[in-house]
Amino acid sequence: MGKKSKKEKKVKGAEKTAAKMEKKVSKRSKKEEKDLEALIAEFQTLDAKKTQIIETSCPPPSPRLNASFSAHPEKDELILFGGEYFNGQKTYLYNELYIYNVRKNSWAKVDVPSPPPRRCAHQAAVVPQAGGQLWVFGGEFASPDGEQFYHYKDLWVLHLATKTWEQIKAAGGPSGRSGHRMVACKRQLIVFGGFHESARDYIYYNDVYAFNLDTFTWSKLSPSGLGPAPRSGCQMSTTPEGNVVIYGGYSKQRVKKDVDRGTLHTDMFLLKAEGSDKWVWNRLNPSGVKPTPRSGFSVAVGPNNRSLLFGGVHDEEEEESIEGDFFNDVYFYDMGKNRWFPGQLKGPKSERKKRRRGRKAEAAEVAGGGESEGQSPQGPMEIVKEVVAEDGTVMTIKQMVPAAGAELERFESEEEEEEEQEEGAGDEASGQQVEPCPRSNAMLAVKHGLLYVYGGMFEVGDRQFTLSDLYSIDLHKMEEWKVLVEMDPKTQEWLEESESDEEGGDVEGAEGGEEEEEGSDEESEDDEEEEQHPPVQPDEKYTDYLPRTEQYWIKLARSNMGPEAKEKKVLKVAHAMAKAFYEGLV
């Protein structure tokens, strides 16, 4: 046998290190998991009391993040399952099942006997067979104090036609984990990555497993080629050819005792199927405008063979703290062209027509050299256009076109389309657009070409705001966001650590929505706080409200974030707080 290359030795060494770490983490986490198994069993005893399927209309679900949000393959419905909520003292886990009707803009809660245990950071994938099936794998359960974790490795299927849960017991599947990704690819479920964490240790994965939907068996894939480094929270999507695309994600490494270093991955890979059992990793180098580095982004697959990425956070690690810069932007990845581009709002069609007419009038005036209206300019006209390349280089393009109206209109329409898809920033509708506030860990689903964004969270200083709002946008038109469910400020409960003695580890606390019953004192304090915020005047638009109250929100954001916070970040948080308060009252 020939000598192994340096790359092969490096890969083998990394595999051995990962195996040792997994064994170490597994050993230390066994005791934690035994403690939590008793609590999970107690919750399951409560769930066992459900003996029949009951579907009832209800208000929107309580705030949460890291749930799954999936489009029904046949009906006009979105399915929300699981998730978590943290109020500053206590962590709540859910296994509730909600159905959102996209036509009626209404919610229903479905109580199903013998559901999966409460969890978050799991993965769900929908397949159309047998009237529709929702497959759920993995995720985690946390102790009420958020210090201990139990990572699931179970596989469940919700039969959508009968609304019944079934646990599928099959050997040889992935180890317990959360933050992994799972997609339906032809007649298989493909699982990649994730992490497992105990109180003192953690491990990130880059292994790949396939679950066969015909034989109900697991198999571990061994792709050739150099694949992604271990990570969680990446973007994973399938191509029409049956390949899998991986982008980004997050991982951390221990650099010394009690000191970890996080990594925001921005690389991209293609897991290509070559035959029934052979898979190959290929590195992708996409063109276009790539997303800025971030974690906690949400993903979905849109129309026209495009996957999309929404929101997320970029954490800046200071000496003793971490400040997060949250996003609410959308990026599209064209799988056919291997190209990224930002999704820019075009504004309502009426606004675009006004801007187009304005541009034409200016062009005609310049071309005519100040000639009176009605006189067409003689000879060709020079149009100058600047294009920003991917590396930041500004290229000036000059084009000579006839002054005839048809030719000018053709050029303008082509230019407009390019601007709206590629850049858009210089041609957005005037005035403040309605849009979701910046957030991470939101839930996304796409139905009939509409993107739905539900919940998520953002932080202000040490406080976490967990959301329960719902927005939609037409991905074909990209004109404007629509608010379907506004955020309710009354759901924004936050308890300081000093009040933790008043809290108990009661079982009922994990039921969805019941956390809001804790302590009328805190509610009255919140009400007093809310009354101090500048009120919204009758018929006042947000574009008027923000300038009038901006200094108040900046002062409030500064008091929460501390004197060391950067001005740019304070301003961004202040605007997010003002927007959340305004939308909650209007």
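Residues numbered from 1 in each chain as written. Predicted model: local features only at pLDDT ≥ 70, side-chain atom pairs only at ≥ 80, totals over all residues. Heavy atoms only, no water.

As recorded in an unreviewed UniProt entry, the chain goes by Kelch domain containing 4 and comes from Crocodylus porosus.

(A) Representation of helix α5 (residues 542–561). Here α5 spans only 24 Å end to end across 20 residues, well under the 28 Å set by a 1.5 Å rise per residue. The axis of α5 is deflected most strongly, by about 60°, at Thr-549. Of all the positions in α5, only Tyr-542, Tyr-545, Leu-546, Thr-549, Trp-553, Ile-554, Ala-557 and Met-561 are classed as buried. (Helix = DSSP H or I, 4+ residues; strand = E, 2+ residues; numbered from the N terminus. Expected span 1.5 Å × (residues − 1). Bend = angle between axes of the 7 residues up to and from the residue. Buried < 20%, exposed > 50% of the residue type's maximum accessible area, 1.4 Å probe, protein only.)

(B) A look at the environment of Ala-210. Within the fold, Ala-210 resides in strand β16 (residues 202–212). When its relative accessible area of 1% is taken as the criterion, Ala-210 is described as buried. Counting along the chain gives 28 residues from Ala-210 to Met-182, while the straight-line C-alpha distance between them is 9.4 Å. For Ala-210, the residues in contact, after removing those within four places along its chain, are Gln-188, Leu-189, Ile-190, Thr-217, Trp-218, Ser-219 and Leu-221. (Contact = heavy atoms within 4.5 Å.)

(C) Representation of the sheet that holds strand β13 (residues 164–168). Strand order in the open sheet made by the 4 strands is β8-β9-β12-β13, with antiparallel pairing throughout. Sheet topology places β8 (123–127) and β13 at the edges, where each strand pairs with a single neighbour. Within the sheet, the average angular offset between the axes of one strand and its neighbour, ignoring direction, is 25°. Note that strand β9 (residues 133–137) and strand β12 (residues 155–159) share 5 bridges and pair antiparallel. Note that in β12 the partner of Leu-134 across the bridge is Leu-158. (Pairing = 2+ DSSP bridges. Axes fitted to C-alpha atoms, helices over the stretch in contact; angles between N-to-C directions.)

(D) Representation of the nonpolar core. Residues Phe-458, Val-460, Trp-553, Ala-557 and Met-561 are the most contacted members of the largest nonpolar core, which totals 26 residues. Elements with a minimum of two residues in this core: β30 (450–460), β31 (463–474), α5 and α6 (567–585). A total of 8 residues in this core trace back to one element, the largest contributor, which is α6. Counting only domains with at least three residues in this core, you end up with domain 1 (32–345 + 437–488) and domain 2 (542–584). Those residues in contact with Met-561, other than ones at most four positions away along the chain, are Val-460, Gly-461, Lys-569, Val-570 and Val-573. Grouped together as the second largest cluster of nonpolar side chains are 17 residues, Leu-345, Tyr-471, Met-478 and Trp-481 included. (Core = buried A, V, L, I, M, F, W, Y, C linked by side-chain atoms within 4.5 Å. Domains from an automatic or database assignment.)

(E) Structural view of the packing of aromatic side chains. Tallied over the entire structure, the rule returns 32 aromatic pairs. Its guanidinium or amino end placed over the ring of Phe-327, Arg-294 lies 4.1 Å from that ring's centre, counting from NZ or CZ. (Phe/Tyr/Trp six-rings, centres within 6.5 Å; stacked < 30°, edge-to-face > 60°. Lys NZ or Arg CZ within 6 Å of the ring centre and 35° of its normal.)

(F) Structural detail: the sheet that holds β30. Here 4 strands make up an open sheet; going across it, the order is β29-β30-β31-β32 and the pairing antiparallel. The open sheet has two free edges, formed respectively by β29 (443–447) and β32 (482–485), since each of these has just one partner strand. Sheet twist, expressed as the average angle between the axes of neighbouring strands with direction ignored, equals 30°. Note: β30 against β31, 10 bridges, orientation antiparallel. Residue Leu-450 lies in a different strand from β31, and its bridge partner there is Asp-474.

(G) Region of the structure containing the environment of Ser-198. The topology assignment puts Ser-198 in the loop between β15 (188–197) and β16. Sequence separation of Ser-198 and His-151 is 47 residues, and the distance between their C-alpha atoms is 9.3 Å.

(H) Layout of unusual backbone geometry. At Phe-216, a position not held by glycine, the phi torsion is positive, near 55°. Phi at Asn-338 is positive, roughly 50°, even though this residue is not glycine. The residue Asn-338 is located in the loop between β25 (322–334) and β26 (339–343) in this model. Take Asn-338: its relative accessible area is 21%, and that puts it in the partly exposed class.

(I) Structural context of the pattern of salt bridges. The full count for this structure, using the stated rule, is 18 salt bridges. A salt bridge links Asp-334 to Arg-306; its shortest N-O distance comes to 3.8 Å. A residue pair is termed long-range when its members are at least 10 positions apart, and Asp-334 in strand β25 and Arg-306 in strand β24 (residues 306–317) qualify at 28 residues. Where Arg-548 meets Glu-540, a salt bridge forms, and the shortest distance between an N and an O atom there is 2.9 Å. (Salt bridge = Lys/Arg side-chain N within 4 Å of Asp/Glu carboxyl O.)

(J) Representation of the pairing of strand β3 (residues 77–81). Counting buried positions along β3 gives 5 out of 5 residues, so the element sits mostly inside the fold. Strand direction decides the pairing type here: strand β2 (residues 68–71) and β3, joined by 4 bridges, are antiparallel. Note on β3: the bridge partner recorded for Ser-70 is Ile-79. Where β2 folds back onto β3 in an antiparallel hairpin, the turn is made up of 5 residues. Sheet analysis places β3 next to strand β6 (residues 97–101), joined by 5 bridges and oriented antiparallel. Among the inter-strand pairings, Leu-80 is bridged to a residue of β6, identified as Tyr-98.

(K) Highlighting the environment of Leu-270. Of note, Leu-270 is situated in strand β20 (residues 259–273). Considered as a pair, Leu-270 and Gly-227 are 43 residues apart in the sequence and their alpha carbons are 8.7 Å apart. Once you skip the residues sitting within four places of it in the chain, Leu-270 turns out to touch Asn-243, Val-244, Val-245, Val-280, Trp-281, Asn-282 and Leu-284.

(L) A look at a negative patch on the surface. Together, Asp-315, Glu-459, Asp-462 and Glu-496 give the surface a local cluster of negative charge. For Asp-315, the position within the fold is in strand β24. Taking the relative accessible area as the measure of exposure, Asp-315 reaches 35% and is therefore partly exposed. (Patch = residues over 30% accessible without salt bridge, like charges linked within 9 Å, V, L, I, M, F, W, Y side chains within 5 Å. Areas by Shrake-Rupley, 256 points an atom, 1.4 Å probe, with all protein chains shown as cover. Lys, Arg positive; Asp, Glu negative; His and termini not counted. Charge placed at Lys NZ, Arg CZ, Asp CG, Glu CD.)

(M) Up close: the side chain of Ser-440. With respect to the helices and strands, the residue Ser-440 is situated in the loop between α3 (405–423) and β29. With a relative accessible area of 1%, Ser-440 lands in the buried category. A polar atom in the side chain of Ser-440 sits 2.8 Å from the side chain of Asn-441. Residues in contact with Ser-440, not counting those within four places in the same chain, are Gly-296, Gly-312, Val-313, Phe-326, Gly-456 and Met-457. (Polar contact = N/O pair within 3.5 Å; in protein donor to acceptor, adjacent residues only side chain to side chain.)

(N) Structural context of the confidence of the model for the chain. Chain-level pLDDT for the chain is 80 on average; 72% of the residues reach the 70-or-more range. Low pLDDT, under 50, characterises residues 370–380; the stretch is placed with 9 contacts to residues that sit more than four places away or in other chains. (pLDDT = per-residue confidence, 0-100.)

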